[in-house]
Amino acid sequence: MKRILVLIYATLLLGPVLDAQESTPARPPMEPRGPERPGPWRSISPGQAAVPVPVPIAPPKPNGPVQKSLVRITATSVEPDYKAPWNAGGLERGVGAGFVISGNRIMTNAHVVANSRYVTVERDGDPNKYPAKVQFIANDCDLAVITVPAPDFFKNMLPLQFGGIPTLESTVSAYGYPIGGERMSVTTGIVSRVDFQLYTHSSVDQHLAIQISAQINPGNSGGPVMQDAKVVGVAFQGYSGDVAQGVAYMIPTPVIKRFLQDIGNGHYDEYPDLAITYAKLQNPAQRRFLGLKDDDRGVLVSSVVAAGPSNGILYPGDVLLAIDGHPIASDANVELDGEHAQFEEVVERKFKGDSVKLDVLRNKQPTTVSIKLYKPWPYSVQGHSYDVRPRYVLYGGLLFQPLNLDMLEAYRTADLRVRHFFEYFVLDQLYVQHPDVIVLTNILPDPINTYLAPYRGGIVDEINGKKIRTLDELAKAFADSPDRLVIRMIGDGPPLVLDRKQVEAARERIMTRYNVLKEQNLEEQPASKPAEQANKT
């Protein structure tokens with residue numbers, strides 16, 4: 001920047017000198033002419049003619065007065081403490097954006113208000129902060145609807161309308177309150193990709209997402225992305241650091257409209273899933289082996305989740321040819337609304353209890369099946385949980401917790417056995433034998449558990465010869481145990497042994513020393529549940 005300024009300054013200094021050197025010889029003096037200014041009686045050179053200065057004109061607002069629809073959201077939340085789950089957790093504060101939609105509602109991202117205890121909203125030109133309430137939250141698609149009880153809040157506010165999916169290379173504008181200032185910010189960019197992407201808020205769900213080049217920064221979350229005065233998406237995530245530059249994503253209107261339709265009955269039922277894995281069939285030799293025509297159609301079912309809706313209806317080795325009448329190409333795409341999309345998008349637009357029809361080639365024979373959809377529960381273990389208290393059992397200073405993504409991230413465990421159970425929990429149907437994978441995550445040191453550190457990270461298999469499948473069974477085994485508890489972990493090695501009388505004698509000592517308010521929580525209770533209810537076990 002310094003070099004540029006120096007060059008410009010030098011040019012300004014040298015300009016008059018160069019003009020003087022290149023000018024023609026002076027003309028003879030003329031008669032006195034009055035003031036030295038251009039006039040009808042004075043001859044001036046073209047280089048000295050006055051140049052009209054353009055008057056700045058305010059750029060047009062192609063999306064209208066967005067300020068009358070945009071709100072700033074401040075949420076105070078409590079993050080669960082998985083290392084000491086009896087504690088309330090850590091207090092955090094975050095800022096996001098939202099926009100008014102029909103019915104005096106405000107749409108934003110789920111991650112803006114997840115785990116929140118107190119939410120306020122602000123609108124343009126109003127110095128007040130209005131308390132708000134979360135009406136519906138969909139953590140699987142990162143959307144939420146909040147409302148403001150104040151009777152006059154929505155006065156003069158303009159609800160925004162929704163558009164369709166913008167075309168590639170078309171321009172969109174993102175509105176929000178990103179870092180760097182207090183006022184509304186707008187950034188523009190182009191639509192660069194329409195594809196299925198992982199929604200990082202849950203870290204397990206994949207839905208349709210649109211990549212845009214507009215800058216999306218903290219504070220933009222929940223703000224509208226607009227085109228031609230209509231909302232075409234909600235800003236929600238992007239890459240940072242060295243991963244990629246200028247890559248951001250918005251939630252498109254098909255996902256938004258599905259969410260609003262789902263909550264129409266006063267309850268959010270989440271996304272259903274076929275709960276299968278499949279392989280693309282683009283290899284000609286493989287297609288001939290399966291008896292397929294040379295028409296580039298079909299995908300091969302690799303596995304079927306036993307807890308899912310396809311169990312007993314689809315089988316590994318089946319070839320899916322069409323879904324609800326839409327031919328499935330060998331690259332797993334279908335033609336939907338004039339666009340190519342993965343065939344799961346057909347399922348994405350359905351709701352819990354809806355059915356989907358599949359044309360199948362089984363053992364080289366065509367057949368048709370119908371599947372009633374719902375969301376299989378095992379997937380929740382591999383995703384983040386919000387607005388619930390962690391489940392755990394503390395016994396003799398030993399902390400036992402069921403395996404899930406939040407617990408895994410809290411302890412950053414590198415134990416290969418624990419990682420295996422997490423990664424293959426659904427794929428290898430491990431949940432059939434272990435609905436809860438119970439891990440000894442922490443030890444509160446005390447004389448009764450001395451030398452037990454090597455067992456940390458172990459997965460409970462059985463207690464006193466009885467298989468343990470759930471956290472409830474673990475708690476019952478501790479409560480009903482005789483004088484000695486023999487806890488065997490999965491894998492080789494000696495069992496962990498505790499003396500019941502010593503545990504009971506040390507109970508109050510351990511709770512007092514480590515400020516343990518409650519020894520167990522067996523249900524994923526809402527974090528906002530009254531304390532007197534939460535303490536019941």
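In the block above lies the structure referred to throughout.
Residues numbered from 1 in each chain as written. Predicted model: local features only at pLDDT ≥ 70, side-chain atom pairs only at ≥ 80, totals over all residues. Heavy atoms only, no water.

Caption draft 1: Seen up close, the environment of Tyr411. Tracing the sequence through the fold places Tyr411 in helix H6 (residues 405-411). Between the C-alpha atom of Tyr411 and that of Thr441, which follows or precedes it by 30 residues, the distance is 7.7 Å. The contact partners of Tyr411, leaving out residues within four places of it in the chain, are Tyr82, Lys83, Leu399, Gln401, Thr441 and Asn442. (Helix = DSSP H or I, 4+ residues; strand = E, 2+ residues; numbered from the N terminus. Contact = heavy atoms within 4.5 Å.)

Caption draft 2: Layout of the pattern of salt bridges. Applying the stated rule across the entire model yields 17 salt bridges. Among the ionic pairs, Arg488 bridges to Glu462, the shortest N-O distance being 3.9 Å. Of this pair, Arg488 sits in strand E26 (residues 484-489) while Glu462 sits in strand E24 (residues 460-463), and the two are 26 residues apart along the sequence. Judged by relative accessible area, Glu462 falls into the buried class, the value being 16%. In this structure, a network of salt bridges that share partners links the residues Asp205, Glu270 and Lys375. (Salt bridge = Lys/Arg side-chain N within 4 Å of Asp/Glu carboxyl O. Buried < 20%, exposed > 50% of the residue type's maximum accessible area, 1.4 Å probe, protein only.)

Caption draft 3: Spatial organisation of the pairing of strand E1 (residues 70-79). With 8 of 10 residues buried, E1 lies mostly within the body of the structure. In terms of strand pairing, E1 meets strand E2 (residues 90-101) through 10 bridges, oriented antiparallel. By the bridge assignment, Val78 is partnered in E2 with Leu91. Bridge analysis of E1 against strand E4 (residues 116-123) gives 7 bridges, and the strand direction is antiparallel. (Pairing = 2+ DSSP bridges.)

Caption draft 4: Just the side chain of Asp446, in detail. Following the sequence through the fold, Asp446 ends up in the loop between strand E23 (438-443) and E24. You can call Asp446 buried: its relative accessible area is 5%. Side chain to side chain, Asp446 and Arg509 meet in a polar contact 2.8 Å long. Residue contacts for Asp446: discarding those within four places in its chain leaves Ala506, Arg509, Ile510 and Arg513. (Polar contact = N/O pair within 3.5 Å; in protein donor to acceptor, adjacent residues only side chain to side chain.)

Caption draft 5: Spotlight on the sheet that holds strand E25 (residues 466-467). Spatially, E25-E24-E26-E27 is the arrangement adopted by the 4 strands of the open sheet, whose pairing is antiparallel. The open sheet is flanked by E25 and strand E27 (496-499), the only strands paired with a single partner. Where E24 meets E25, 2 bridges bridge the pair, whose relative direction is antiparallel. Counted as the bridge partner of Glu462 is Lys467 from E25. In this fold helix H8 (residues 471-480) packs onto E24, E25 and E26, with an angle of close to 35° to the strand it touches most, E24. With respect to the sheet, helix H9 (residues 500-513) is in contact with E26 and E27, its orientation differing from that of E27 by roughly 65°. (Axes fitted to C-alpha atoms, helices over the stretch in contact; angles between N-to-C directions.)

Caption draft 6: A look at the side chain of Gln211. Take Gln211: it is sitting in strand E9 (residues 206-212). What makes Gln211 buried here is its relative accessible area of 12%. One polar contact links Gln211 to Tyr249, side chain to side chain, over a distance of 3.3 Å. Those residues in contact with Gln211 that sit more than four places away from it in its chain are Ile190, Val191, Ser192, Arg193, Val247, Ala248 and Tyr249.

Caption draft 7: Here's a closer look at the packing of aromatic side chains. In total, this model carries 12 aromatic pairs according to the counting rule given. A ring pair is formed by Phe153 and Phe154, whose centres lie 5.0 Å apart and whose planes are at 90°; its orientation type is edge-to-face. The same class applies to Phe153 and to Phe154, which are both buried. Seen in terms of ring centroids, Trp377 and Tyr431 are 5.7 Å apart; in terms of plane orientation they differ by 75°. Their pairing is edge-to-face. One end of the pair, Trp377, is in the loop between strand E20 (365-372) and strand E21 (392-395); the other, Tyr431, is in the loop between helix H7 (416-423) and E23, and 54 residues separate them in sequence. Three or more aromatic residues joined by ring pairs make a cluster, and in this case those are Tyr130, Phe153 and Phe154. Above the ring of Phe153, the side-chain terminus of Arg123 is found at 5.2 Å from the ring centroid. (Phe/Tyr/Trp six-rings, centres within 6.5 Å; stacked < 30°, edge-to-face > 60°. Lys NZ or Arg CZ within 6 Å of the ring centre and 35° of its normal.)

Read these as spatial facts, not as claims about activity.
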